[in-house]
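Residues per chain, in single letters:
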Amino acid sequence: MREALLYQKLDKEKIRCDLCTHRCVIHDGKAGICKVRENIEGILYTKVYGRTIAQHIDPIEKKPLYHFYPGSKAYSIATPGCNFRCRFCQNWDISQINNYEILKSGIDITPEQIIRNAEQTNCTSIAYTYTEPTIFFEYSFDTARLAKEAKIKNIYVSNGYMTREMLDMIHPYLDAINVDLKSYRDETYRRIIGARLQPVLDNLKKIKQMDIWLEVTSLIIPGINDGPEEIRGMANFIAAELGKNVPWHISRFFSGYKMKDIPPTSVKTLQMAKYIGLEEGLHYVYIDNIALPGDSDTKCPLCGALLIERQDFGITHNHIKNGKCPECGLKIAGEGI
Ligand code: SF4
């Protein structure tokens, strides 16, 4: 265990964790909502520092990031735990601490070793992903600082529920982030996710202002967030508040965890969502988690030329020349593109 960052002592018995918007007040001997941060005699400890439960070399498209060094590899790591309780979680076996035994799973890897592994496998970036990087902030922060020195990019794949303090700390080291916008209704965030909507919207705006490369993902779940009005709300928010060049990934839901009775999202609904996204003015809207020919390709928003062709999280053709459309010369949004 290692002493946590970003917490305050309230009195002899209680401390407050300031890492995510829950700002848990934690009594001596207890843990916060994420169950991986514990108050022991007035000191907050993280129980997951260095404890990697998943590590893979992934195409960056799998994060998903389509406009950040396309075609590159991301050294991807996770520790157990999450600050959300999504009933549809697709990584629930490592994100939800239903049994403390999971904290003993995985292997210990130092930040230095992660950097060496990323270098040896020619990864352009390190992705803090699969579970929520906010709850393993100390580990990702130390790794990200070393990565920066080694000229390796840092990527978060996040639910966007961190505090301003945490965002300010990671900002100098964070190059790109994909944030889930899981619904456009606070009621859904409260009932199905165990969080609130507004802090996520506020953080999305703050991340954009910080000039960190941003892409947004929305998992479309039948009967939960698949109504045209809600989809339009999400698309309009991204276009109006974050910018039309922010890529939006519409992701297909598959039945699982506590939502086994809900069928997978239909192709018709996914295509309707994409249509709405384009109608709201977004330049780059993709359908993920299902192979639909052309729906994960990048097209020039000005002349419609085909720019990047993708298949199975890989790039089959990249027609972009010096960051520009080869047909009309429009600069294509992104980094390393
Ligand atoms: S990270 Fe969030 S959920 Fe975990 S203890 Fe801190 S405030 Fe609570």
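This section reports on the structure supplied with the text. Only a predicted model underlies this, so the values are computations on that prediction, with no experimental measurement involved.

**Regarding the packing of helix α6 (residues 198-209) against helix α7 (residues 228-242)**
Right, on to step 1. At a minimum axis separation of 10 Å, α6 and α7 run at an interaxial angle of 35°. The handedness of the crossing between α6 and α7 is right-handed. Seen from α6, the contacting residues are Leu201, Leu204, Lys205 and Lys208; seen from α7, they are Phe237, Glu241 and Leu242.
Right, on to step 2. For the contact of α6 with α7, the class distribution of residues is 4 nonpolar, no polar and 3 charged.

**Regarding α7**
Right, on to step 1. Compared with the 21 Å implied by 1.5 Å per residue over 15 residues, the 20 Å span of α7 between its first and last C-alpha is a close match.
Right, on to step 2. Within the sequence span of α7, burial applies to Ile231, Met234, Ala235, Ile238 and Leu242. Projected down its long axis, α7 shows its buried positions confined to an angular sector of 90°, all on one face. Looking at α7, the residues exposed on the side facing more than 90 degrees away from the buried face are Pro228, Glu229, Ala240 and Glu241.

**Observations concerning the pairing of strand β19 (residues 314-318)**
Every regular strand shows the same layout, with side chains that alternate between the two sheet faces.
Right, on to step 1. Little of β19 sits inside the fold, with 0 of its 5 residues counted as buried.
Right, on to step 2. Examined bridge by bridge, strand β18 (residues 306-311) and β19 share 4 bridges and lie antiparallel to one another. For arginine 310, the partnering residue across the bridge sits in β19 and is isoleucine 315.
Right, on to step 3. With antiparallel pairing between neighbouring strands as the criterion, β18 and β19 make up a hairpin whose turn holds 2 residues, including aspartate 312 at a positive phi of roughly 50°.

**Digging into the pairing of strand β12 (residues 153-158)**
Right, on to step 1. Most of β12 is tucked away, with 6 of its 6 residues classed as buried.
Right, on to step 2. Of the two faces of β12, the one lined by Lys153, Ile155 and Val157 and the one lined by Asn154, Tyr156 and Ser158 are each fully buried.
Right, on to step 3. Handedness of the crossover joining strand β11 (residues 125-128) and β12 through helix α3 (residues 137-149) is recorded here as right-handed.
Right, on to step 4. Both β12 and strand β13 (residues 176-180) contribute to a ladder of 4 bridges, which runs parallel. Across the sheet, serine 158 pairs through a bridge with valine 179, a residue of β13.
Right, on to step 5. Tracing the backbone out of β12, into helix α4 (residues 164-170) and back to the parallel element β13 gives a crossover that is right-handed.

**Here's the deal with the sheet that holds strand β5 (residues 37-40)**
Right, on to step 1. Within the open sheet, the 3 strands sit side by side as β1-β6-β5. Their pairing is antiparallel. Where the open sheet ends on each side, the last strands, each with one partner, are β1 (2-3) and β5.
Right, on to step 2. Of the pairings in the sheet, the one linking β5 to strand β6 (residues 43-46) comprises 4 bridges and is antiparallel in character. Opposite asparagine 39, over in β6, you have leucine 44 as the bridge partner.

**Considerations on unusual backbone geometry**
Right, on to step 1. Cis peptide bonds are those with omega within 30 degrees of zero, and the linkage from lysine 63 to proline 64 qualifies with -5°.
Right, on to step 2. Position of proline 64 among the secondary structure elements: in the loop between β8 (54-59) and β9 (73-78).
Right, on to step 3. We note that leucine 6 has phi near 60°; this positive angle belongs to a residue other than glycine.
Right, on to step 4. Considering the arrangement of structural elements, one finds leucine 6 in the loop between β1 and β2 (7-9).
Right, on to step 5. With 19 C-beta atoms packed within 10 Å, leucine 6 lands in the partly exposed category.

**Observations regarding α3**
Right, on to step 1. Across its 13 residues, α3 extends 18 Å between first and last C-alpha, which sits within 8% of the 18 Å expected from 1.5 Å per residue.
Right, on to step 2. Turning to α3, its buried residues number three or more, namely Phe137, Glu138, Tyr139, Ser140, Phe141, Thr143, Ala144 and Ala147.
Right, on to step 3. Residues of α3 that are buried make contact with β1, β6, α2 (111-120), β11, β12 and α4.
Right, on to step 4. In the segment just after α3, lysine 151 is the residue with positive phi, at about 60°.

Criteria and thresholds
- Residues numbered from 1 in each chain as written.
- Predicted model: local features only at pLDDT ≥ 70, side-chain atom pairs only at ≥ 80, totals over all residues.
- Axes fitted to C-alpha atoms, helices over the stretch in contact; angles between N-to-C directions.
- Helix = DSSP H or I, 4+ residues; strand = E, 2+ residues; numbered from the N terminus.
- Left-handed = near helix turned anticlockwise from the far one by under 90°.
- Contact = placed C-beta atoms within 7 Å.
- Nonpolar A, V, L, I, M, F, W, Y, C, P; charged D, E, K, R; others polar.
- Expected span 1.5 Å × (residues − 1).
- Buried ≥ 20, exposed ≤ 12 C-beta atoms within 10 Å, placed from the backbone.
- Arc of directions from axis to C-beta.
- Pairing = 2+ DSSP bridges.
- Right-handed = clockwise from strand over helix to strand, strands pointing away.

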